[in-house]
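Architecture and fold: a report
Now for the letters of each chain:
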Amino acid sequence: MRADLLGLPLEHALAVLDGEGITPQVTVTNAPRRANETRGMLRVVYASDDSMRLTAARFLDPIQEAEEENG
């Protein structure tokens, strides 16, 4: 597994890989109770050794969510 990509925002990880000439296959996953969720930041939770496969999951930022609710 390519640990240096773990936890990065997906767009940042894709930029890193683009700089290396790699265009990975990306799979997006959600927690079962948030299957249809569209909020939150996509972060890399898995990167294959060859960087050709990434899995990203949505992570909600509770501070940002509170600010949006209070407008």
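A word on the overall build of the protein chain. The secondary structure content of the protein chain amounts to two helices and three strands. Reading the secondary structure of the protein chain in the N-to-C direction produces α-β-β-β-α. Burial statistics for the protein chain: of 71 residues in total, 23% are counted as buried. For the protein chain, the proportion of contacts with a sequence separation of at least 24, taken over those separated by at least 6, is 58%.

Counted under the stated rule, the structure contains two salt bridges. Where R2 meets D4, a salt bridge forms, and the shortest distance between an N and an O atom there is 2.9 Å. Taking the relative accessible area as the measure of exposure, D4 reaches 46% and is therefore partly exposed. Notably, a salt bridge pairs E20 with R2, separated by 2.7 Å at the nearest N-O pair. Pair noted here: E20 is in the loop between helix 1 (10-19) and strand 1 (25-29) and R2 is in the segment before helix 1, with a separation of 18 residues, a long-range link. Classification of E20 by relative accessible area gives partly exposed; the value is 42%. Ionic contacts of the salt-bridge type, sharing partners, join the residues R2, D4 and E20 into one network.

Each value, and the rule that gives it
- Every chain is numbered on its own, with residues counted from 1 as its sequence reads.
- In keeping with the predicted nature of the model, local features appear solely for residues at pLDDT of at least 70, side-chain atom pairs appear and are counted solely at 80 or more, and the whole-chain, interface and lining totals rest on all residues.
- The side-chain figures draw on all heavy atoms in the structure; neither hydrogens nor water molecules are used.
- Secondary structure elements are taken from DSSP: a helix is a run of H or I of four residues or more, a strand is a run of E of two residues or more, and numbering for both begins at the N terminus.
- Here the term buried applies to any residue with accessible area under 20% of the maximum for its type, exposed to any over 50%, and partly exposed to those in between, with areas from a 1.4 Å probe on protein chains only.
- Contact criterion: two residues are considered in contact whenever any of their non-hydrogen atoms come within 4.5 Å of each other.
- Should a side-chain nitrogen of Lys or Arg be within 4 Å of a carboxyl oxygen of Asp or Glu, the pair is scored as a salt bridge.

The values are spatial; any link to function lies outside them.
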